[in-house]
Amino acid sequence: MNIIREVAKKNGVSEKEVRNEMKIAIRVAMQSTDPIAQFFWKQIVPDGREPSVEKVIAALASTIHNKSFLS
């Protein structure tokens, strides 16, 4: 995924390191008790299983894109 490559290059780290850090952030975020966060995660992964980094990026991009039409 190009965004992972871009983040890695910008920060002088490997793509693997970026991906690993994103996986950690996803795990932490999925544990949030905030109702809005829980709603978001249930939309992405109704079964509660940890999604791939790509799936989260795509869901966030879609959410941002859809909100831009509502503004």
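Described in the following lines is the structure provided in the data block. Nothing here was measured: the structure is a model prediction, and the numbers come from that model.

## Some words on the overall build of the protein
Thought 1: If you tally the helices and strands in the protein, you get 4 helices and 0 strands.
Thought 2: Written out in order from the N terminus, the α and β elements of the protein read α-α-α-α.
Thought 3: If one aligns the C-alpha atoms of the protein with their principal axes, the spans along those axes are about 35 × 30 × 20 Å.
Thought 4: Counted over contacts in the protein with a minimum sequence separation of 6, partners at least 24 positions apart contribute 35%.
Thought 5: In the structure as shown, the protein presents an accessible area of about 5,600 Å², 58% of it carried by carbon and sulfur atoms.
Thought 6: Side chains of the protein give 11 positive and 8 negative charges; the mean places of these two sets differ by 3 Å.

## Comments concerning the environment of Ala 58
Thought 1: Looking at the element boundaries, Ala 58 is found in helix 4 (residues 53-70).
Thought 2: When its relative accessible area of 45% is taken as the criterion, Ala 58 is described as partly exposed.
Thought 3: Remark: the alpha-carbon pair of Ala 58 and Lys 9, spanning 49 residues in sequence, is separated by 20 Å.

## Remarks on the nonpolar core
Thought 1: Counting 13 residues, the largest nonpolar core has Ile 4, Ile 26, Met 30, Phe 40, Trp 41, Ile 44 and Val 53 as the members making the most contacts within it.
Thought 2: Counting residues per element, the ones that place at least two in this core are helix 1 (2-11), helix 2 (15-30), helix 3 (35-44) and helix 4.
Thought 3: Looking at which element gives the most residues to this core, the answer is helix 4, with 4 residues.
Thought 4: Filtering out sequence-adjacent residues up to four positions away, Ile 4 remains in contact with Glu 15, Val 18, Arg 19, Met 22, Val 53, Glu 54 and Ile 57.

## Considerations on the environment of Ser 32
Thought 1: Among the secondary structure elements, Ser 32 is positioned in the loop between helix 2 and helix 3.
Thought 2: Of note is the side chain of Ser 32, whose polar atom sits 3.1 Å from the backbone nitrogen of Asp 34.

## Some remarks on the pattern of salt bridges
Thought 1: Evaluated as defined, the whole model comprises 3 salt bridges.
Thought 2: Across the pair Glu 54 and Arg 19 runs a salt bridge, and its minimum N-O distance is 2.6 Å. In this pair, Glu 54 is assigned in helix 4 and Arg 19 in helix 2, connecting sequence segments 35 residues apart.
Thought 3: A relative accessible area of 29% places Glu 54 in the partly exposed class.
Thought 4: Classification of Arg 19 as partly exposed rests on a relative accessible area of 24%.
Thought 5: Residue Glu 50 is joined to Arg 27 by a salt bridge in which the shortest nitrogen-to-oxygen separation is 2.8 Å. Of this pair, Glu 50 sits in the loop between helix 3 and helix 4 while Arg 27 sits in helix 2, and the two are 23 residues apart along the sequence.

The rules behind each value
Once a new chain begins, its residue numbering starts again from 1 and follows that chain's sequence as written. Owing to the predicted nature of the model, reporting of local features is limited to residues with pLDDT of at least 70; listing and counting of side-chain atom pairs is limited to 80 or more, with chain, interface and lining totals taken over all residues. Side-chain measures were taken over the full set of non-hydrogen atoms in the model, leaving aside hydrogen atoms and water. In this text, helices come from DSSP runs of H or I with a minimum length of four residues, and strands from runs of E with a minimum of two, each type numbered from the N-terminal end. Every residue pair with non-hydrogen atoms within 4.5 Å of one another is taken to be in contact. Computed with a 1.4 Å probe, the accessible areas rest on the Shrake-Rupley method; for each residue, only the protein chains presented here act as cover. Working convention for charge: Lys and Arg count positive, Asp and Glu count negative, and His plus the chain ends are omitted. One atom stands in for each charge, and that atom is NZ of Lys, CZ of Arg, CG of Asp or CD of Glu. Note on exposure labels: buried denotes an accessible area under 20% of the residue type's maximum, exposed denotes more than 50%, and partly exposed covers the range between, all computed with a 1.4 Å probe on protein chains only. To define a nonpolar core, start from buried Ala, Val, Leu, Ile, Met, Phe, Trp, Tyr and Cys residues and group those joined through side-chain atoms within 4.5 Å. Definition of a polar contact: a pair of N or O atoms within 3.5 Å, with one able to donate and the other able to accept a hydrogen when the atoms are protein atoms, and with sequence-neighbouring residues admitted only if both atoms are side-chain atoms. Put simply, a salt bridge is a Lys or Arg side-chain nitrogen that is within 4 Å of an Asp or Glu carboxyl oxygen.

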